[in-house]
Amino acid sequence: MKLATYKDGSRDGQLVVVSRDLGTAHYATGIASRLQQVLDDWNFMAPQLQDLYDQLNAGRARHPFPFDPQQCMAPLPRAYQWADGSAYINHVELVRKARNAEVPASFYTDPLMYQGGSDDFIGPCDDVVVPSEAMGIDFEAEIAVITGDVRMGASPEQALDGIRLVMLANDVSLRNLIPAELAKGFGFFQSKPATAFSPVAVTLDELGDAWQGGRVHLTLQSTWNGRKVGMCDAGPEMTFHFGQLIAHIAKTRNVRAGSIVGSGTVSNKDWAKGYSCIAEKRCIETIQDGQPSTEFMRYGDTIRIEMKNKAGQSLFGAIDQTIAAPQ
């Protein structure tokens, strides 16, 4: 099934069920009003939502309406936890190579992760508001999952069973703030503003055979200012699958329902497939030419992030945003 959250003036919005073709939607009123309620009582509520989803797809739902991504908040508008990985080691290798630095051996066996702000996500069509262009504004096209409860010490295979929903993410980075923050030895903070997510989150069965081994084997498309800059394969080159990422979090603590885990920038060794963040393009230019030539984003720039199934249909709807100055 496919789930979204509509804006209603509240912090958590209204849960809606969305048809497979993303054409129509139906309020989940009577089952649950918010997605977190469903995650907290998944085994009871998910089958009821599935029934409504089946009715919607069959044209039998009582009060359907046209689905409008512009009305969407993030599927889970605020979460108990947002932890983002760097599961595509090629991305790390490029960054290190551009700096003439080696990748530590541990990076290939132990996932990199940071914990981001989870109190203020932005909707898929909301503006990305940044205080200054000088901060080095960058998009990051990623895949993310929402979990149920996963116990401390869970294995990667057990952690996979805790995945409830999959969606896309734009993990915005302010690149010019990162070096000074990392130099403090305590990780990202101000350099990672509010993250945006796709209009809908989907259950694993919606991915069909594209979901294999904790990875999504489909192409992630990134379009910057109307120009397609990334057609990156999200599957084979994901070094750490989602079960491994979740198990990494659960090594010393429980992971509770409503946690969101990101893949990190989707990255391929074949440069012809483009890029899922500008920083990677700049690293490639540095490796080739000795210095970067692509500038970061400016106010008024647009970014569209989307993934289609093998039939060419949008799976999650599109993140479609404009970079904007504060009002």
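Located above this text is the structure these notes cover.
The following paragraphs examine the structure supplied in this document. It should be emphasised that the depicted structure is a prediction, and the values quoted were computed from it without experimental measurement.

## Quick notes on empty space enclosed by the protein
So, step 1. Scanning all chains against the criterion turns up one cavity of 30 Å³ or more.
So, step 2. The volume enclosed by the largest cavity comes to roughly 30 Å³.
So, step 3. Its residues placed into classes, the lining of the largest cavity shows three nonpolar, one polar and three charged.

## Focus: the environment of valine 229
So, step 1. Of note, valine 229 is situated in strand E17 (residues 227-233).
So, step 2. On the accessibility criterion, valine 229 (7% relative accessible area) is buried.
So, step 3. Every residue in contact with valine 229, bar those within four places of it in the chain, is listed here: Phe139, Ser222, Thr223, Trp224, Lys273, Gly274 and Tyr275.

## A short note on the pairing of strand E1 (residues 2-6)
So, step 1. Of all five residues that make up E1, five are buried, and the element is covered over most of its length.
So, step 2. Alternating positions in E1 separate into two faces, Lys2, Ala4 and Tyr6 on one and Leu3 and Thr5 on the other, with burial throughout.
So, step 3. Relative to strand E13 (residues 201-202), E1 runs antiparallel, the two sharing two bridges. Pairing of lysine 2 across the sheet is with valine 202, part of E13.
So, step 4. Alignment of E1 against strand E2 (residues 14-18), held across five bridges, turns out to be antiparallel.

## Some words on the packing of helix H3 (residues 89-98) against helix H7 (residues 278-289)
A packed helix pair is summarised by two numbers, namely the angle formed by the two axes and the spacing between the axes.
So, step 1. Between H3 and H7, whose axes approach to 9 Å, the crossing angle comes to 45°. As judged from the angle between their axes, H3 and H7 are oblique. Between H3 and H7 lies a crossing whose hand is left-handed. Judged by residue contacts, Asn90, His91, Leu94, Val95, Lys97 and Ala98 of H3 engage Glu280, Cys283, Ile284, Thr286 and Ile287 from H7.
So, step 2. Taken together, the residues that form the contact of H3 with H7 break down as six nonpolar, three polar and two charged.

## Describing the pattern of salt bridges
So, step 1. What the rule picks out here adds up to 12 salt bridges.
So, step 2. Here glutamate 306 makes a salt bridge to arginine 304, at a shortest N to O gap of 3.2 Å.
So, step 3. Overall, arginine 304 belongs to the partly exposed group, its relative accessible area being 33%.
So, step 4. Two residues, aspartate 320 and arginine 304, come together in a salt bridge whose shortest N-O distance is 2.9 Å. Here arginine 304 lies in strand E19 (residues 302-307) and aspartate 320 lies in strand E20 (residues 319-324), a separation of 16 residues in the sequence.
So, step 5. The class of aspartate 320 is partly exposed, set by a relative accessible area of 33%.
So, step 6. One salt-bridge network, held together by shared partners, links Asp138, Glu140, Asp171, Arg175 and Lys192.

## Quick look at the layout of surface pockets
So, step 1. A volume near 1,000 Å³ is recorded for the largest pocket.
So, step 2. Forming the walls of the largest pocket are 34 residues, and the residues nearest its centre are Val95, Arg175, Ile178, Leu182 and Phe188.
So, step 3. When contributions to the lining of the largest pocket are tallied by element, the ones reaching two or more residues are strand E5 (81-85), H3, strand E6 (113-115), helix H5 (178-183) and H7.
So, step 4. With five residues, the single largest contributor to the lining of the largest pocket is H3.
So, step 5. In the lining of the largest pocket, the residues fall into 16 nonpolar, nine polar and nine charged.

## Let's talk about the nonpolar core
So, step 1. Grouped together as the largest cluster of nonpolar side chains are 64 residues, with contacts concentrated most on Phe67, Ile143, Met307 and Phe316.
So, step 2. Among the elements that line this core, the one with the most residues is helix H6 (residues 242-249), at five residues.
So, step 3. Those residues in contact with phenylalanine 67 that lie beyond four places of it in its chain are Ala4, Tyr6, Val18, Leu22, Gly23, Thr24, Ala25, Cys72, Pro199 and Val200.
So, step 4. Formed by 32 residues, the second largest nonpolar core is a distinct cluster that contains Ala28, Leu49, Ala257 and Ile260.

## Re the pairing of E5
So, step 1. In terms of residue burial, E5 counts as a mostly covered element, since five of its five residues are buried.
So, step 2. Side chains Gln81, Ala83 and Gly85 of E5 all project onto a buried face; the interleaved residues Trp82 and Asp84 project onto the opposite face, where all are buried too.
So, step 3. Direction of pairing for E5 relative to strand E18 (residues 259-262): parallel, over a ladder of four bridges. Across the sheet, tryptophan 82 pairs through a bridge with isoleucine 260, a residue of E18.
So, step 4. As paired strands, E5 and E6 are joined by three bridges and run antiparallel to one another. From the neighbouring strand, alanine 83 faces E6, where its bridge partner is glutamine 115.

Here is what the cut-offs are and how they apply
- Residues numbered from 1 in each chain as written.
- Predicted model: local features only at pLDDT ≥ 70, side-chain atom pairs only at ≥ 80, totals over all residues.
- Heavy atoms only, no water.
- 1 Å grid on protein atoms, 1.4 Å probe; cavity = no way out; pocket = protein on both sides within 12 Å on 5 of 7 lines; lining within 4 Å.
- Points joined across faces, edges and corners; volume = space filled by probe spheres on them.
- Nonpolar A, V, L, I, M, F, W, Y, C, P; charged D, E, K, R; others polar.
- Helix = DSSP H or I, 4+ residues; strand = E, 2+ residues; numbered from the N terminus.
- Buried < 20%, exposed > 50% of the residue type's maximum accessible area, 1.4 Å probe, protein only.
- Contact = heavy atoms within 4.5 Å.
- Pairing = 2+ DSSP bridges.
- Axes fitted to C-alpha atoms, helices over the stretch in contact; angles between N-to-C directions.
- Parallel < 35°, antiparallel > 145°, perpendicular 65-115°, else oblique.
- Left-handed = near helix turned anticlockwise from the far one by under 90°.
- Salt bridge = Lys/Arg side-chain N within 4 Å of Asp/Glu carboxyl O.
- Core = buried A, V, L, I, M, F, W, Y, C linked by side-chain atoms within 4.5 Å.

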